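Analysis of the macromolecular model
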Amino acid sequence: HLPNMLSTAFGVNFLYNDRIFTSYLAFFVLGLYIGKSYDAFCAVLRKNFAPLAAFFGVLFLFTGYASVLAFSGRALVPYMNLLHFVYSLYAILFLFALALRVPEGIFEKVPLLRKIDGASYHIYLYHVLCLYAVDFLLKRLGIVAALPAFLLRFGITASVVPALCIFYLSLKKKVTKSTSK
């Protein structure tokens, strides 16, 4: 595991060291594999939505509970990073399966959804920066309780990042359009 090797070799530990790219290389490889049989993969997700949703719900609750225990210091939760990895994998599968259930034409009917869809890649890229900023803010404000910290992280990130990304893309479109004339 690369973060442990870096820590051993250089004596350096940093916040979120489990987010180093190689830790999530499996997602990239899985994406390549799925891409080869995309239609079959979508069919499997559609067919198995109910068990996937149920399993994800249980995993969501368990991971949330384990996270509160671990991050509040009330208990040592072995394999927390592995649990987070499995949770992330199933969250992606569940959200993808959920997206497959969105009715045709909904994005044309709901402009906000179309804008979020158009900004989704930017949201994916920049949500982490917002989480760092919120963590900094939480430390400055002395908020250490797990539940309020989680709710603030989620609330701020889920509202600020999409809004800023949509604003950036609309501004970029206007500037690009005006300079191309």
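First, a word on scope: everything that follows refers to the structure included in this document. In every chain, residue numbers begin from 1 and rise along the written sequence. Local features in this predicted model are restricted to residues whose pLDDT is 70 or higher, and side-chain atom pairs enter the listing and the counts only when it is 80 or higher, whereas totals over whole chains, interfaces and linings include all residues. Side-chain descriptors were evaluated using all non-hydrogen atoms of the structure, hydrogens and water having been removed beforehand.

**Section: the packing of aromatic side chains**
Operational definition: Note on aromatic pairs: the rings of Phe, Tyr and Trp (six-membered ring only in Trp) are paired at centre separations within 6.5 Å, and the planes decide the class, stacked below 30 degrees, edge-to-face beyond 60, tilted for the rest. Secondary structure elements follow DSSP: runs of H or I of four or more residues count as helices, runs of E of two or more count as strands, with numbering from the N terminus. Exposed residues in this analysis have more than 50% of their type's maximum accessible area, buried residues have under 20%, and partly exposed residues fall in between, with area computed by a 1.4 Å probe over protein chains only. Comment: the charge-over-ring label is applied if NZ (Lys) or CZ (Arg) is within 6 Å of the ring centre and within 35 degrees of the ring normal.
Inspection of every chain in the model, using the stated rule, returns 10 aromatic pairs. Considering the side-chain rings of Phe 56 and Tyr 87, the 5.8 Å spacing of their centres and the 25° angle between planes classify their relative orientation as stacked. Of this pair, Phe 56 sits in helix α4 (residues 49-72) while Tyr 87 is found in helix α5 (residues 80-100), placing the two residues 31 residues apart along the sequence. Ring centres of Phe 56 and Phe 94 lie 4.7 Å apart, and the angle between their planes is 10°; on these two criteria the pair is classed as stacked. Here Phe 56 is found in helix α4, whereas its partner Phe 94 is found in helix α5, with 38 residues between them in sequence. Owing to a relative accessible area of 11%, Phe 56 belongs among the buried residues under this scheme. Every member of this aromatic cluster is reached through a ring pair, and the members are Phe 49, Phe 56, Phe 60, Tyr 87 and Phe 94. The ring centre of Phe 49 lies 4.1 Å from the NZ or CZ of Arg 101, which sits over that ring.

**Notes on the nonpolar core**
We apply this condition: As used here, the term nonpolar core means buried Ala, Val, Leu, Ile, Met, Phe, Trp, Tyr and Cys residues forming a set that is joined through side-chain atoms within 4.5 Å. Residues count as neighbours in contact if any of their non-hydrogen atoms are within 4.5 Å of one another.
Core analysis: the largest hydrophobic core is formed by 12 residues, namely Ile 34, Phe 41, Cys 42, Leu 45, Phe 49, Leu 52, Phe 56, Ala 91, Leu 93, Phe 94, Ala 97 and Leu 100. Looking at this core, the elements that each hand over two or more residues are α3 (38-47), α4 and α5. Among the elements that line this core, the one with the most residues is α5, at five residues. Setting aside anything within four residues of it in sequence, one finds Phe 49 in contact with Phe 94, Ala 97, Leu 98 and Arg 101. Grouped together as the second largest cluster of nonpolar side chains are nine residues, Ile 123, Val 134, Leu 138 and Cys 165 included.

**What to know about the state of the cysteines**
For clarity, the cut-off: Throughout, a disulfide means two cysteine sulfur atoms within 2.5 Å of one another.
Following the criterion strictly, the structure yields zero disulfides and no others. You can see Cys 130 has no disulfide; the closest cysteine sulfur is in Cys 165, sitting 9.5 Å from it. According to the relative accessible area criterion, Cys 130 is buried, its value standing at 12%.

Read these as spatial facts, not as claims about activity.
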